[in-house]
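Chain by chain, the residues run as shown.
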Amino acid sequence: MCGIVGFYGKQDAIAIILEGLSALEYRGYDSSGVAILDEKHLLKCVKEKGRLKVLEAVVKEEHMVGSIGIGHTRWATHGVPSKENAHPHLSEDETIAVVHNGIIENYLELKAELVEKGYTFVSDTDTEVIPHLIDLYDEGDFENAVYQALSRLKGAYALGIISSRYPDTFMATRKESPLVVGVKDGEYVVASDIPAILSFTRDVYYLDNHEVVILDKGHLRIQDSQGHLVNKTVTHIDWNKEAASKNGYSHFMMKEIYEQPTAIRETLGRRLDEKGHIHLDGIKLQKEDLEQIDKIYIVACGTAYHAGLVGKYAIEKLARIPVTVDIASEFRYSDPFIDRKTLLIVVSQSGETADTLAALKEAKRRGGRILAITNVVGSSVAREADDLFYTWAGPEIAVASTKAYTAQLVAFYILALHFAYTKGTLTEGGYTDYIQEVEALGTQVEIILSEKDHIQDVARILVEATSAFYLGRGVDYTTAMEAALKIKEISYLHTEAFAAGELKHGTIALIEEGTPVLAIATQDHLVEKMVSNMKEVKARGGYVIAIAKEDTPHIQQVADQVIEIPKTSDLLMPILAVVPTQLLAYYTSVLKGNDVDKPRNLAKSVTVE
Ligand code: M6R
């Protein structure tokens, strides 16, 4: 939530900051702002409500020239989206400027103390306490004032700080919220995420919690919370700006839907040795460890949680280990049964989701072993885990997750197969057959994508609807949940997912003439039951759209529309069944004229609890 960018160098700071912010708009986009130290060493600040382009237009009118600056794109937590609540926030004399991503949990207490001391607040934000605190502690030593202010803060933050009182210095720090520093030829870009620095450099420092960046008179220092120097190594990012651009597609979401065959192949292919066996570099769990483990928790949020639900089917079926799946924000407060025999698998595309990170830390505290599935190298989740599985999906920019989800499913299939083979719960033949089927999924997704025009036609039905129901049985129910989240998120159509057998226990009362009902029916042993459920819906006037394997008996006779998908093992069907639902959500959103990549009220990376 919220994106921050800072620049310290010799070039024009504004151009680099604005470009960085545009790459971070996925983190929040209700308002934005920039502040620079100009040629006369004065602090200039501009902020606006609305998308970044509104700010860009205003900045053009202003004369903002300088080579040190900070910028922010906001997702509101404290205070409505408005110019006043937009960042940067300033000290009363407008000489200190701060951008912040996160939440200062004790801000009310700090605000009361500062008001008592005579400070005036102009916003409703938690952030505004920070410039006032720095001012309070400033006795001629910027670094000391910032350190003292930091010692008063509780909560999560990534901060960029500049001051016209110290025109050669830039400071930044993080606790729980991400921050990276890009370096090139004595110039630096500090940002919440890699895409913001890619046009500048691919060499970065990943900051750890409590580390403080000090750029002073052209030199970089990274210190710990006590002020001791920290030695860090530069990481070279192996993807480029093109991977984080639309590359000819109208939206990132469509590009990412089309990148799924590659994401699937990359995630699997990098793990197969010359014998076609799975080899997992980041997983240190040995046979003896697996034999000790008596239960697995999978914990995640949103789409990643849905991937976890599929993961449960795969691990239980193949490796015969009981799995509980929980929503991260609930797990943490549920007094879970975690001990040294528990493996906790956290799933997070960004690796920065606050609830998931908090759940991970809680499980660690209770003695559990942590395995992380994440898409972002060096993310917080990756750094906290004992065992690590990177999905090689490449950067996912659209708020609605697509390729990260299918890559997460591949990750779970690989893990389940690896656990099963190691434990001996799967024969050599079963193991190699499944691996071959996972290898074929990329091509099968391509076949589904080639049918996109049919899916676009089906979307016209959803555009007219006021609500819709998505049904499935067994593992298809998890696909229904993910599909319903996707369409809600970007097309704002009220959609509920149900286990098809549950419909008659209440929800069927909502079916009216023409209500669209998407029925996912890919599981051989459950298809007949699904057909009966579709008939029940038809009998009440519902309009049935079915997603089924090609040549499934009776479906064509019952459903109003059928989207056929290629065949694979029932366990692997979620990867194929989800693709038409992503396209349905996409086209419905486009037909409604919505902002597909940046849906209302949302942000890509949810770094607040
Ligand atoms: O980065 P994460 O995978 O931890 O994010 C979790 C959810 O916020 C995310 O999957 C969200 O539900 C997506 N926007 C759904 O498309």
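Residues numbered from 1 in each chain as written. Predicted model: local features only at pLDDT ≥ 70, side-chain atom pairs only at ≥ 80, totals over all residues. Heavy atoms only, no water.

Remarks on the overall build of the protein chain
Logical step 1: Along the backbone of the protein chain there are 19 helices and 24 strands.
Logical step 2: The C-alpha radius of gyration computed for the protein chain amounts to 25 Å, which stays within 12% of the reference 25 Å derived for 609 residues, consistent with globular compactness.
Logical step 3: Relative to its 609 residues, the protein chain shows a buried fraction of 60%.
Logical step 4: Accessible area of the protein chain: about 23400 Å², with a carbon and sulfur share of 48%.
Logical step 5: The averaged location of the 87 negative side-chain charges in the protein chain is 2 Å from the averaged location of its 63 positive side-chain charges. (Helix = DSSP H or I, 4+ residues; strand = E, 2+ residues; numbered from the N terminus. Rg over C-alpha atoms; globule rule 2.2 N^0.38 Å. Buried < 20%, exposed > 50% of the residue type's maximum accessible area, 1.4 Å probe, protein only. Areas by Shrake-Rupley, 256 points an atom, 1.4 Å probe, with all protein chains shown as cover. Lys, Arg positive; Asp, Glu negative; His and termini not counted. Charge placed at Lys NZ, Arg CZ, Asp CG, Glu CD.)

A few points about the side chain of Asp 476
Logical step 1: Note on placement: Asp 476 falls in helix α16 (residues 475-491).
Logical step 2: Buried and unpaired, Asp 476 has Lys 549 as its nearest opposite-charge partner, separated by 8.4 Å.
Logical step 3: When sequence neighbours within four positions are dropped, the list of residues in contact with Asp 476 reads Ile 520, Ala 521, Thr 522 and Gln 523. (Salt bridge = Lys/Arg side-chain N within 4 Å of Asp/Glu carboxyl O. Contact = heavy atoms within 4.5 Å.)

Here we look at the pairing of strand β3 (residues 43-49)
Logical step 1: In terms of strand pairing, strand β2 (residues 31-37) meets β3 through seven bridges, oriented antiparallel. By the bridge assignment for β3, Gly 33 is matched with Lys 47.
Logical step 2: Taking the residues that link successive antiparallel strands as the turn, the β2-β3 hairpin has five residues, and the phi of His 41 there is positive, at about 65°. (Pairing = 2+ DSSP bridges.)

Some thoughts on the nonpolar core
Logical step 1: By size, the foremost hydrophobic cluster in this structure holds 122 residues, and its most contacted members are Val 34, Ile 296, Ile 315, Ile 345, Leu 371, Phe 419 and Tyr 470.
Logical step 2: By residue number, the principal contributor to this core is helix α13 (residues 403-423), which donates 12 residues.
Logical step 3: Val 98, Ile 130, Val 146 and Leu 150 belong to the second-largest nonpolar core, a separate cluster that totals 27 residues. (Core = buried A, V, L, I, M, F, W, Y, C linked by side-chain atoms within 4.5 Å.)

Examining the sheet that holds strand β1 (residues 3-8)
Logical step 1: Spatially, eight strands are ordered β3-β2-β4-β1-β10-β9-β11-β14 in an open sheet, and the strand pairing comes out antiparallel. Of all the strands in the sheet, the pair left with one neighbour each is β3 and β14 (235-236).
Logical step 2: Strand direction decides the pairing type here: β2 and strand β4 (residues 68-74), joined by seven bridges, are antiparallel. Across the sheet, Gly 33 pairs through a bridge with His 72, a residue of β4.
Logical step 3: Lying on the sheet, helix α1 (residues 13-24) is in contact with β1, β2, β4 and β10 (187-191); it crosses β1 at an angle near 155°. (Axes fitted to C-alpha atoms, helices over the stretch in contact; angles between N-to-C directions.)

Examining the sheet that holds strand β8 (residues 169-175)
Logical step 1: The antiparallel open sheet is built from six strands, whose spatial order is β5-β6-β7-β8-β12-β13. The sheet is open, and its two borders are formed by β5 (89-90) and β13 (219-223), each paired with just one other strand.
Logical step 2: In this sheet, β13 lies alongside strand β12 (residues 212-216) in antiparallel orientation, the contact comprising five bridges. Following the sheet pairing, Ile 214 is matched in β13 by Arg 221.
Logical step 3: The strands touched by helix α5 (residues 142-150) within the sheet are β7 (155-163), β8, β12 and β13, with β7 carrying the most contacts at an inclination of about 160°.

Regarding the site of the ligand
Logical step 1: Looking at the ligand, there are 15 residues lining it, with Ser 348, Gln 349, Ser 350, Thr 353 and Glu 489 nearest.
Logical step 2: Between the ligand and the protein, one listed contact pairs an oxygen atom with a backbone N or O atom of Gln 349 at 2.6 Å.
Logical step 3: Thr 353 is positioned with one of its side-chain polar atoms (N or O) 2.4 Å from an oxygen atom of the ligand.
Logical step 4: Contact with the protein chains removes 91% of the 410 Å² of surface that the ligand exposes when unbound.
Logical step 5: Of all the elements in the fold, those that place two or more residues in the shell around the ligand are α9 (302-319) and α16. (Near = heavy atom within 4 Å. Polar contact = N/O pair within 3.5 Å; in protein donor to acceptor, adjacent residues only side chain to side chain.)

As for the pattern of salt bridges
Logical step 1: One pass over the structure, following the stated rule, counts 34 salt bridges.
Logical step 2: One salt bridge connects Glu 113 with Lys 117, and the closest N-O pair in it is separated by 3.6 Å.
Logical step 3: Exposure remark for Glu 113: the relative accessible area of 24% places this residue in the partly exposed category.

A word on unusual backbone geometry
Apart from glycine, the bulk of residues carry a negative phi angle, and the bulk of peptide bonds sit in the trans form.
Logical step 1: With an omega of 0°, the peptide bond running from His 87 to Pro 88 counts as cis.
Logical step 2: Its place among the elements puts Pro 88 in the loop between β4 and β5.
Logical step 3: A positive phi angle is found at His 210, which is not glycine, with a value near 75°.
Logical step 4: For His 210, the position within the fold is in the loop between β11 (203-206) and β12.
Logical step 5: With a phi angle near 65°, Asp 551 is a residue other than glycine that sits in the positive phi range.

Re the domain arrangement of the protein chain
Logical step 1: Entries for the protein chain in the domain assignment read domain 1 (3-242), domain 2 (246-444) and domain 3 (452-591).
Logical step 2: Put simply, the middle of domain 1 and the middle of domain 3, counted by C-alpha atoms, are 46 Å apart. (Domains from an automatic or database assignment.)

Brief notes about the packing of helix α14 (residues 428-449) against helix α19 (residues 573-591)
A pair of packed helices is characterised by two quantities: the angle between their axes and the separation of those axes.
Logical step 1: Packing of α14 against α19 brings their axes to within 10 Å, and their N-to-C directions diverge by 30°. As judged from the angle between their axes, α14 and α19 are roughly parallel. Helix-helix and strand crossings are classified by hand; for α14 and α19 the assignment is right-handed. Across the interface between the two elements, Leu 441, Gln 444, Val 445, Ile 448 and Leu 449 from α14 touch Ile 575, Leu 576, Val 579, Pro 580 and Leu 583 from α19.
Logical step 2: Across the contact of α14 with α19, the residue classes break down as nine nonpolar, one polar and no charged. (Parallel < 35°, antiparallel > 145°, perpendicular 65-115°, else oblique. Left-handed = near helix turned anticlockwise from the far one by under 90°. Nonpolar A, V, L, I, M, F, W, Y, C, P; charged D, E, K, R; others polar.)

Focus: α5
Logical step 1: Three or more residues of α5 are buried, namely Phe 142, Ala 145, Val 146, Tyr 147, Ala 149 and Leu 150.
Logical step 2: With a side-chain oxygen lying 3.2 Å from the backbone nitrogen of Glu 143, the N-terminal cap of α5 falls on Asp 141.

Brief notes about the pairing of β4
Logical step 1: Counting buried positions over the seven residues of β4 gives seven, a clear majority of the element.
Logical step 2: The alternating pattern of β4 places Ile 68, Ile 70, His 72 and Arg 74 on one face and Gly 69, Gly 71 and Thr 73 on the opposite face, and all of these are buried.

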